[in-house]
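Inside the fold
Residue strings, one per chain:
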Amino acid sequence: MNTIWLIASGTFGEAMRRKVLLIFLFAGLAIILMGVAFAGLATQARDLTVTKSLGLGVISLAGVFISVILYITLIPQEIERRTIYSILSKPVQRYQFLCGKFLGGLMTVLLNIALMGMVFILLVAAKQWFQYGLNPGPAVLAISKGILMIFFQMTLLGAVAMFFSVFLSPFVNFFLTFAVWLLGNASSLTEALADPGNDPTHPKSAFVVGIFKVLHVVIPNFANYNIQNPIINPHEHITNEPIYIAWNILYAIVYTAILLTVGSLIFDKREV
Amino acid sequence: MAQDTIIPSPDALSGNGMAPPGFKDGIGKAIEIKNLVKQYKKVTAVNNISLDVYEGEIFGFLGPNGAGKTTTIKTLLGLIFPTAGEVLVLGKPAGDIDVKEKLSYLPESPYFYEHMTASEVVGFYGSLFGLSGTTKQKRVDELLELVGLQNAGKKSLRAFSKGMLQRVGIAQALINDPKVLFFDEPTSGLDPVAHRDIRDLILHLKSEGRTIFLSSHQLSDVELVCDRVSILHGGKIRRLGHVDELIAGGSVEVVAEGVKATETQMAQLRDLSSKSELVENTLTITTAASTESKNRVLDWVRAAGGNVLSMTQTRRTLEDIFYEVVHQGELETGTAFTVPSALEKNSMEKNLVEKN
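Each residue is numbered by its place in its chain's sequence as written, counting from 1. Each chain is given a letter, starting from A, and each ligand a number, starting from 1, according to the order in which they appear as written. Owing to the predicted nature of the model, reporting of local features is limited to residues with pLDDT of at least 70; listing and counting of side-chain atom pairs is limited to 80 or more, with chain, interface and lining totals taken over all residues. Excluding hydrogens and water, the side-chain figures rest on all heavy atoms present in the structure.

A separate point is the interface of chain A and chain B. When checking whether two residues touch, look at their non-hydrogen atoms; a contact exists if any pair is within 4.5 Å. In this complex, chain A contributes 29 residues to the contact, which on the side of chain B involves 29 residues. Buried area adds together the accessible area that both of two parts lose upon being put together, with accessible area traced by a 1.4 Å probe. Interface of chain A and chain B: buried area, both sides summed, is about 2,600 Å²; carbon and sulfur atoms make up 60% of it. The largest share of the area that chain A buries against chain B comes from K90(A), P91(A) and E271(A), three residues that together contribute 24% of it. Only one rule defines a salt bridge in this text: a Lys or Arg side-chain nitrogen within 4 Å of an Asp or Glu carboxyl oxygen. Summed over the shared surface of chain A and chain B, the result is one salt bridge. Close ionic contact of K38(B) with E271(A) constitutes a salt bridge, the shortest N to O distance being 2.6 Å. We define a polar contact as two N or O atoms separated by no more than 3.5 Å, with the added condition that, inside protein, one atom must be a possible hydrogen donor and the other a possible acceptor, whereas residues neighbouring each other in sequence contribute only through side-chain atom pairs. Where chain A packs against chain B, one counts 18 residue pairs in polar contact (both at pLDDT 80 or more). Helix and strand definitions follow DSSP, with helices as H or I runs of at least four residues and strands as E runs of at least two, each counted in order from the N terminus. When contributions to the side of chain A that touches chain B are tallied by element, the ones reaching two or more residues are helix 1 (2-15), helix 3 (44-81), helix 4 (83-88), helix 5 (94-131) and helix 11 (241-269) of chain A. Looking at the side of chain A that touches chain B, the element that brings in the most residues is helix 1 of chain A, giving eight residues.

Before going further, it helps to spend a moment on the sheet that holds strand 11 (residues 251-257) of chain B. All names here are of chain B. In short, DSSP must find at least two bridges between two strands for them to pair. Judged by pairing direction, the sheet is antiparallel, and its four strands sit side by side in the order 12-13-11-14 without closing on themselves. Lying at the two open borders of the sheet, with one neighbouring strand each, are strand 12 (275-279) and strand 14 (307-314). Taking each pair of neighbouring strands and ignoring which way they run, the sheet shows an average axis angle of 15 degrees. Angles shown run from 0 to 180 degrees and are taken between the N-to-C directions of axes, each axis being a line fitted to C-alpha atoms and, for helices, limited to the stretch in contact. Across the face of the sheet, helix 11 (residues 291-303) comes into contact with strand 11, strand 13 (282-288) and strand 14 while running at roughly 155 degrees to strand 13.

On to the sheet that holds strand 5 (residues 92-93) of chain B. Residues and elements named next belong to chain B. In spatial order, the strands read 2-1-4-5; together these four strands make up an open sheet with antiparallel pairing. Two strands in the sheet have a free side with no partner beyond their single neighbour: strand 2 (43-54) and strand 5. Of the strand pairs in this sheet, strand 1 (residues 29-40) and strand 4 (residues 84-89) are connected by five bridges, and their pairing is antiparallel. Pairing of K34 across the sheet is with E86, part of strand 4. Sitting on the sheet, helix 2 (residues 69-76) is in contact with strand 1, strand 2 and strand 4, with an inclination near 120 degrees to strand 1.

Residue and element names in this part refer to chain B. Each residue carries a pLDDT value, the predictor's own confidence for that position, ranging from 0 to 100. Here chain B shows a mean pLDDT of 85. Residues at 70 or above account for 87%. Note that residues 1-17 has pLDDT below 50 and, in this model, 43 contacts with residues that lie over four places away or in other chains. Counting interchain partners and residues more than four positions distant, the pLDDT-below-50 stretch residues 352-356 has two contacts. For this predicted complex, the interface confidence reaches an ipTM of 0.84, while the overall pTM sits at 0.82.

This part covers the packing of helix 1 of chain A against helix 5 of chain A. Residues and elements named next belong to chain A. Close contact between helix 1 and helix 5 brings their axes to 7 Å; oriented N to C, the two are set at 45 degrees. Put simply, helix 1 runs oblique to helix 5. Note on packing geometry: the crossing formed by helix 1 with helix 5 is right-handed. Every residue of helix 5 that contacts helix 1 at T3, I4, W5, I7, A8, T11, F12 and A15 is listed here: Q96, F97, C99, G100, K101, L103, G104, G105, M107, T108 and L111. When residue character is reported, Ala, Val, Leu, Ile, Met, Phe, Trp, Tyr, Cys and Pro are called nonpolar, Asp, Glu, Lys and Arg charged, and the others, Gly included, polar. The class makeup of the residues in the contact of helix 1 with helix 5 is 11 nonpolar, seven polar and one charged. Geometric relationships in this document are graded by angle, where less than 35 degrees denotes roughly parallel, more than 145 denotes roughly antiparallel, 65 to 115 denotes roughly perpendicular, and other angles denote oblique. Left-handed describes a crossing whose near helix is turned anticlockwise from the far helix by less than a right angle; the clockwise case is right-handed.

A word on the packing of aromatic side chains. All names here are of chain A. Only rings of Phe, Tyr and Trp enter the pairing, Trp through its six-membered ring, and a pair is recorded when the two centres are within 6.5 Å. The plane angle decides the type: under 30 degrees is stacked, over 60 is edge-to-face, the rest tilted. One pass over the full model with this rule turns up 19 aromatic pairs over all chains. Where F178 meets W181, the ring centres are 6.2 Å apart and the plane angle is 90 degrees; that geometry is what we call edge-to-face. A residue pair is termed a helical-turn pair when its members lie 3 or 4 positions apart in one helix, as F178 and W181 do in helix 7 (residues 170-185) at three residues. This pair shows no difference in class: F178 is buried, exactly as W181 is. The classification of residues rests on relative accessible area computed with a 1.4 Å probe and restricted to protein chains. Under 20% of the type maximum is buried, over 50% is exposed, and intermediate values are partly exposed.

The next thing to look at is the pattern of salt bridges. Two side chains that carry opposite charge are able to pair once their charged atoms sit near each other. All names here are of chain B. Summed over the entire model, instances satisfying the criterion amount to 19 salt bridges over all chains. Between R228 and E57 there is a salt bridge, and its shortest N-O distance comes to 2.8 Å. Separated by 171 residues along the polypeptide, R228 in strand 9 (residues 228-233) and E57 in the loop between strand 2 and strand 3 (58-62) bring together distant segments of the chain. On the basis of relative accessibility, which here comes to 0%, the residue E57 falls in the buried class.

The next thing to look at is the side chain of N173(A). Residue position: N173(A) is located in helix 7. Exposure remark for N173(A): the relative accessible area of 0% places this residue in the buried category.

Right, let's get into the pairing of strand 11 of chain B. Residue and element names in this part refer to chain B. Of all seven residues in strand 11, five are buried; the element is thus mostly enclosed. Relative to strand 13, strand 11 is paired through seven bridges, and the arrangement is antiparallel. Note on strand 13: the bridge partner recorded for E257 is T282. Alignment of strand 11 against strand 14, held across seven bridges, turns out to be antiparallel. Within strand 14, the position partnered with A256 by the bridge is V308.

It is worth spelling out the environment of T71(B) at this point. Among the structural elements, T71(B) can be located in helix 2. Residues T71(B) and L157(B), 86 residues apart in the sequence, show an inter-C-alpha distance of 28 Å.

An ideal rise of 1.5 Å per residue puts 42 Å on 29 residues; helix 6 (residues 137-165) of chain A measures up with 41 Å between its terminal C-alpha atoms. Burial of helix 6 of chain A is extensive: 21 of the 29 residues sit out of reach of the surface. Expected helix span is computed as 1.5 Å times (number of residues minus one).

Printed below as a string of structure tokens:
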């Protein structure tokens, strides 16, 4: 565990200084600030809806870019810069290296999301309290849950990108990870396409149904982590919300563990 | 210069029984490479090489770019896997975690996490070996002093020159007090002072009984520090042996005057010498540097009534051998430069004079 932690801390220190990631962080923060400032031009209800919607959307999108760009390059960059040689020639197992890189990346993603999230929560709380005289507590709690789900969505996305980075080039990995993310966000669509249906006038090809069934099962369900609607709209609720959140967090952890295990097995055989 | 090509026997090429000078028989083998083949799709990067490196020796691993040196080193470190053959380091398969505790690697132009200081980087690698606390810090300070960075330990690597990074690389390579060191171009891009410091450090490491596997294009360094060398070309070992043996030979130039040789004596001279040139009354004879050849030429001069004016021995260098091997390899593979170098032109002109 010490070795994994050492590699993770080295990765975190290096990743936090990557300009491309800082651009997304600062762009995200700037949009959140502007969103909070300009949404005040609308009515109270509309103002809070726009602020929350924009803020969570920006954190999610910036998180996606930070996560994908970071994870697709973590391993290839180590190979290109040859740091991997001096590390793997030490008594370091390949799975320790991979897990360390993943953990370091996760710490970076967590810090970026947490920074944007904290700024966003503070601004929303200030707006609720000072501008409209509302108790910010419920909104802060709801937004925190939304940010937590975004973080676990990014954990899952990072694991997908890291898994592909073990055997694909960053260029191919970028598009493939995005494709997985888009498909994972459209899980209701893949579910519908995987349904053979019972309309005899429009029979579905068994092959196509089979492909979508596999896709629906294999591709992680990113859509489950988008809980913006109940946060934005006070009339919408998630049934058994704590269980829903806990279940999806567990899903992200298990899925990530599977991807890292398979990734480690492949990386063990990979020549660097 | 006479081209006394040393054609190694298959046994010599496999490295069997070739302990370096001063080494007792039965000394442990630090590295054993047996019939190593590494194939990348249609390209054979390493083609059935075998060699042993003994404990405590500095072994020079030479070859032009693309000869298969880095591929072999990566195989020895367990970073890549052999297509065929066997690779053992300290008696265990390459990549074995116990072996990694006892070896170290300095890659060419090493890169380290730039946000760290020199002290942190060396400490980071120390932690990978389980060092911690004051033991680690003491070792880090000792090594930074050894590589002359005691005053730069707190500086960020971002501010380091290439030479300073190389020193950090050496410090990290020594953090575990390794038995076997793999150095890939340790003096590449260094200024003459740093270059010499690192060369001296390599000799110091040898004096401590460490085994060093040195890949370098700095042939003068290799000649100075290495016990044995191998020269690779096209994935094959073309020469393998003690440095002194490889550069042995050379030629002797005998200058004589007043030679009045008969036709028969001139015919004898052609057998004795590799080259002879008569200018006015002075005859210059070039022959192999062996005592027998020298004596036969001297006897011939006396028999022909001449006086020996001078006798000069020309020593071959590792660079000569290296060039010879590479050129021979290029001719075999048809990859030789078609534009002759100044050196070659000079040699060709000389040959024409000899023939005329």
